Amino acid sequence: MRSAKKLLVVVAAVLVAFGSATGPAGAASVKKGVSAADFSGVTAALSDVRAGWFYTWASDPQGIKAPPGAEFVPMIWGQGSVTAAQLAAAKANGKTLLGFNEPDLDGQAQMSVDTALGLWPRLQDTGLRLGAPAVAFGGDVAGGWLDRFMSGARARGYRVDFIPLHWYGGDFSSSATGELRSYLEAVHNRYQLPIWVTEYALTDFSTAPPRYPSSAQQADFAGRSAAMLQSLSYVERYAWFSLSTATTPTGLYSGSTPNATGVAYRAAG
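In this report, the structure presented in the accompanying data block is examined. (Residues numbered from 1 in each chain as written. Predicted model: local features only at pLDDT ≥ 70, side-chain atom pairs only at ≥ 80, totals over all residues. Heavy atoms only, no water.)

Our next topic: the packing of aromatic side chains. Across all of its chains, the model carries 17 aromatic pairs by this definition. The interplanar angle of 55° and the centroid separation of 5.5 Å between the aromatic rings of Phe54 and Phe72 together place this pair among those described as tilted. With Phe54 in strand β2 (residues 51–55) and Phe72 in strand β3 (residues 71–72), this residue pair connects regions lying 18 residues apart in the sequence. Measuring from ring centre to ring centre gives 5.9 Å for Tyr168 and Phe241, while their planes differ by 90°; the resulting arrangement is edge-to-face. Of this pair, Tyr168 sits in strand β6 (residues 163–169) while Phe241 sits in the loop between β8 (235–240) and β9 (253–254), and the two are 73 residues apart along the sequence. By relative accessible area, Phe241 is classed as buried at 16%. Of the aromatic side chains, those joined through ring pairs into one cluster are Trp53, Tyr55, Trp57, Phe162, Tyr168, Trp196, Phe205 and Phe241. Looking at Lys32, its charged tip hangs above the ring of Tyr265, at a distance of 5.3 Å from the centre. (Phe/Tyr/Trp six-rings, centres within 6.5 Å; stacked < 30°, edge-to-face > 60°. Helix = DSSP H or I, 4+ residues; strand = E, 2+ residues; numbered from the N terminus. Buried < 20%, exposed > 50% of the residue type's maximum accessible area, 1.4 Å probe, protein only. Lys NZ or Arg CZ within 6 Å of the ring centre and 35° of its normal.)

Okay, here's the thing in structure tokens:
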């Protein structure tokens, strides 16, 4: 019982700290979003968290009925998704297209830079505003996967309109928000393009299984990081990983009910 009271105090402090930046009650933030899979209560959760946009790692909403004010953004997940049907679905369902999902990581859309560049004209030909492949890490590293892709795209005259990034912090202290900001600044300085943070949360992937922070630590980070991302002019959009606890332990909602992190993320931005 004492731990529950402590958690409520921490969440209340986050709400006070960031409430002035949230805008009118119930209004969705254009920048703030979430990744989401279909689940019972998903539409209510999207509305309650005040998400201005969402994506499903697919070219269509995967059965999710979006509430008013929540824009769906399609993705071409990997090499096998580059088909006429998937590209047509992306065009029919959105105005902006997210590129490949973690092509630098085993178990995700793993592919070589040359393969990604060879497929890129088909994504470009949709005419949609187009985000680079979202690397799992190292977006600021000279000679890294993203750096080699961007160099190849420039050499071929290909279009990349913004840079999606993923970030998971293994430091659960109050320094985490500054660490995220430093990474985004480094990537922006390298490419001078707008940034979308399409997955982020506190998770330590250096252990097996992954290590997670306490609810109070995650809630505090969700509020502080969203306020920081909201303030950066070069960050166009950001999306917490993920909307539902059925998808990940870092999820914001169980059904349509927010947990402490969901309350903090709803209040910020």
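Turning our attention to helix α3 (residues 84–93). Taken as a whole, α3 has its buried residues at Leu87, Ala89 and Ala90. Viewed along the axis of α3, the buried residues span an arc of 160°, placing them on a single side of the element. Of the exposed residues in α3, the ones pointing more than 90 degrees away from its buried face are Ala84, Ala85 and Ala92. Close packing links the buried residues of α3 with β4 (96–97) and α4 (113–124). (Arc of directions from axis to C-beta. Contact = heavy atoms within 4.5 Å.)

Cis geometry is adopted by the peptide bond preceding Pro209, which originates at Ala208 and carries an omega value of 0°. Position of Pro209 among the secondary structure elements: in the loop between β7 (195–202) and α7 (215–231). Geometrically, the link from Phe241 to Ser242 is a cis peptide bond, its omega value of 0° lying close to zero. Mapped onto the elements of the fold, Ser242 is located in the loop between β8 and β9. We note that Arg50 has phi near 65°; this positive angle belongs to a residue other than glycine. You can see Arg50 is positioned in the loop between α2 (42–48) and β2.

Taken in spatial order, the six strands of this open sheet run β3-β2-β1-β8-β7-β6, and their pairing is parallel. The sheet terminates laterally at β3 and β6, the two strands that pair on one side only. Bridge analysis of β2 against β3 gives two bridges, and the strand direction is parallel. Paired with Phe54 across the strands is Phe72, a residue of β3. Running over the sheet, α7 touches β1 (29–35), β6, β7 and β8 and is turned about 165° from β7. (Pairing = 2+ DSSP bridges. Axes fitted to C-alpha atoms, helices over the stretch in contact; angles between N-to-C directions.)

So, about the pairing of β6. For β6, a buried count of seven out of seven residues is recorded, marking the element as mostly surrounded by other parts of the structure. Along β6, one buried face is formed by Ile163, Leu165, Trp167 and Gly169 and the opposite face, lined by Pro164, His166 and Tyr168, is buried too. With seven bridges connecting them, β6 and β7 associate as parallel partners. When the bridges of β7 are listed, Tyr168 appears paired with Ala201.

Time to look at the pairing of β1. Counting buried positions along β1 yields six of seven residues, so the element is predominantly enclosed. Bridge count between β1 and β2: four bridges; the pairing is parallel. Within β2, the residue paired with Ser35 across the bridge is Tyr55. Each parallel crossover has a hand, and the one from β1 via α2 to β2 is right-handed. (Right-handed = clockwise from strand over helix to strand, strands pointing away.)

Attention now goes to the packing of α7 against helix α8 (residues 260–267). Where α7 contacts α8, the two axes come as close as 8 Å, and the packing angle between them is 15°. Here α7 is positioned roughly parallel relative to α8, judged by the angle of their axes. Considering how the two elements wind past one another, α7 and α8 form a crossing that is right-handed. Every residue of α8 that contacts α7 at Ser215, Gln218, Ala219, Ala222, Gly223 and Ala226 is listed here: Ala260, Thr261, Ala264 and Tyr265. (Parallel < 35°, antiparallel > 145°, perpendicular 65-115°, else oblique. Left-handed = near helix turned anticlockwise from the far one by under 90°.)

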